[in-house]
Amino acid sequence: MTHEVRRIVPHAAEGVADADTVTWARAMLAAFLRPRVPPGDLARAAADYVGQRLRGVYETGDPAPVATLRSWDTRMSVPGGEVAVDAVTSIGVRSTHRRRGLLRAVLVDDLADAARAGTPVAALTSTQGALYERFGFGLASWNRALRLDTRTATFRAPEATGRLRTLDVATLPSAAGPVQDRARRRHPGSMDRTGMSWTALMTGENTFSGMTADPHRHAVLWSDATGRPDGYVVYRVAQDWAGGAGEIAVLDLQATTPESYRELWRHLVSLDLVGAVIWNDASTDEPLPWLLTDPRAAAAGAGREMLWLRILDVPAAFGARRYPVTEQLVLAVADPAGHAAGTWLLDTTDPVEPRVVTTTAEPDVALDAATLGSLYLGGADPRVLARAGRLEERTPGAAGRLARLLAAPSVPWNGIRF
Ligand SMILES: CC(=O)SCCNC(=O)CCNC(=O)[C@H](O)C(C)(C)COP(=O)(O)OP(=O)(O)OC[C@H]1O[C@@H](n2cnc3c(N)ncnc32)[C@H](O)[C@@H]1OP(=O)(O)O
């Protein structure tokens, strides 16, 4: 049986996707063991793929792909700026066709295309932890669950002057979009929300949920004393109050000021009929416990990995971010796929225009492409990676110098699953 990687350009007419795109979507959902979506709903949902890239591995004579991948161009915050990213998702292989290299075939094709297009970084979130390092992806951000007991939570600071407004969730992209865009710049690793991810946030309706809409969603916007919208929270009822105290699950909380952050949490605490608020995708440095008279009211739960990054163009990726110290370090990067391979001088003598060029100088550190991806946003400590044998220190003290060079103003965080 011959296999061929094919690229599909999704089209839609009157809000309904073309037949190839719908067939692709059905194959992808089957690979992920998702519920069967009625054909009309699937054609409507797949219309959201317009503007994105679909890839499939096809066998002769079968219109449905045996492997799928979807990717799109987006922007990701990095320390001091942002970078263009190839966001990759929906890699699924038909259950009868696994371990024959089909994941490899679609992913290698996508990465080569992104590199040709000049996209410096590829990003994904993964269902499994052991899949993507072999393709040069390194773990670069973590989320942590947070559980707030609303009955013991008391805020240290008095209520701020401003206004809370409930939003019709349908108005979320226009009302909250500009806030999200400002807020995401505060954390490296935060992504632009696509139209699709706004829809999923607002309604819960997506192909993965079988297109079942969730009617329990609420959104609240905070505006400061001058009327400027500064933050929003979207939440759902996770557990109804019928059994006693209900539970609220935060789906997204974005705040551009300490005041908006505090007042949005105060709103959640004020909800009647609720005993706890849970946020599974909080960052690892939430200020919430510090806002409370009893920090134990906010219990941090398990952390979990979120973003995997693959550097496709070292000068463009490392030139896009800014650095807190002046330094010159030489990194030898091993990358069998070639994208990041080389010996690179990272020179931040000019803080505005860091220089990243190939060099023949002796390396200070040696590492592979996946480790480079882990270091990119400043979320992984090179000294720890050296202790783990993932980075070789060729010049004594170089891992510490690299740690100071790559340090970010805040921890990497991406609250958007994709
Ligand atoms: C970004 C995302 O979309 S994450 C979503 C991943 N998809 C899923 O979880 C859906 C269900 N699973 C699947 O569809 C498939 O099993 C996949 C996509 C995980 C793997 O697809 P396959 O076609 O079997 O992978 P392929 O044969 O190309 O293997 C590539 C490499 O990964 C390894 N690999 C594949 N699956 C696994 C696994 N579950 N655990 C560890 N290694 C694995 C293979 O051994 C191979 O390694 P090698 O090249 O170093 O020898």
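Residues numbered from 1 in each chain as written. Predicted model: local features only at pLDDT ≥ 70, side-chain atom pairs only at ≥ 80, totals over all residues. Heavy atoms only, no water.

For the chain, an unreviewed UniProt entry supplies the name GNAT family N-acetyltransferase and the organism Actinomycetospora rhizophila. Taken directly from UniProt, the Sequence similarities (unreviewed entry) text for the chain runs: "Belongs to the acetyltransferase Eis family." Looking at the chain in UniProt, the text filed under Subunit (unreviewed entry) is "Homohexamer; trimer of dimers." (UniProt positions renumbered as here; feature names shortened; annotations may be inferred.)

Undergrad: Give me the lowdown on the UniProt feature "domain: Enhanced intracellular survival protein" (unreviewed entry) in the chain, citing residues and values where you can.
TA: Within the UniProt annotation, "domain: Enhanced intracellular survival protein" (unreviewed entry) is assigned to residues 314-413. The distance separating the terminal C-alpha atoms of residues 314-413 is 22 Å; by composition the span is 28% helix and 24% strand. (Helix = DSSP H or I, 4+ residues; strand = E, 2+ residues; numbered from the N terminus.)

Undergrad: Pulling in residues and values, what's your account of the domain arrangement of the chain?
TA: Domains assigned within the chain are domain 1 (3-119), domain 2 (143-302) and domain 3 (323-406). Computed from C-alpha coordinates alone, the two centres of domain 1 and domain 2 are separated by 31 Å. Listed by partner, the interface residues are 23 residues for domain 1 and 17 residues for domain 2. Taking both partners together, domain 1 and domain 2 bury about 1,600 Å²; carbon and sulfur atoms supply 63% of that area. Between domain 1 and domain 2 we count two salt bridges in total. Of the charged contacts, one joins R184 and E82 as a salt bridge, the two residues approaching to 2.8 Å between their closest N and O atoms. Between domain 1 and domain 2 we count five residue pairs in polar contact (both at pLDDT 80 or more) in total. Of all the secondary structure elements, the ones that give two or more residues to the side of domain 1 that touches domain 2 are α1 (19-31), α2 (39-46), β5 (67-78) and β6 (81-93). (Domains from an automatic or database assignment. Contact = heavy atoms within 4.5 Å. Buried area = accessible area lost by both parts, 1.4 Å probe. Salt bridge = Lys/Arg side-chain N within 4 Å of Asp/Glu carboxyl O. Polar contact = N/O pair within 3.5 Å; in protein donor to acceptor, adjacent residues only side chain to side chain.)

Undergrad: Give a detailed account of the sheet that holds strand β11 (residues 217-224), specifying residues and quantitative values.
TA: One open sheet holds the seven strands; their spatial order is β10-β11-β12-β13-β14-β9-β15, and the pairing between them is mixed. Pairing within the sheet leaves two strands with one partner each, and these edge strands are β10 (162-167) and β15 (298-305). Within this sheet the neighbouring strands show an average axis-to-axis angle of 25 degrees, counted without direction. Sitting on the sheet, helix α4 (residues 172-184) touches β10, β11, β12 (229-239) and β13 (246-255), and the angle it makes with β12 is about 110 degrees. Each of β11, β12 and β13 touches helix α5 (residues 195-203); the most contacted strand, β11, lies at about 110 degrees to it. (Pairing = 2+ DSSP bridges. Axes fitted to C-alpha atoms, helices over the stretch in contact; angles between N-to-C directions.)

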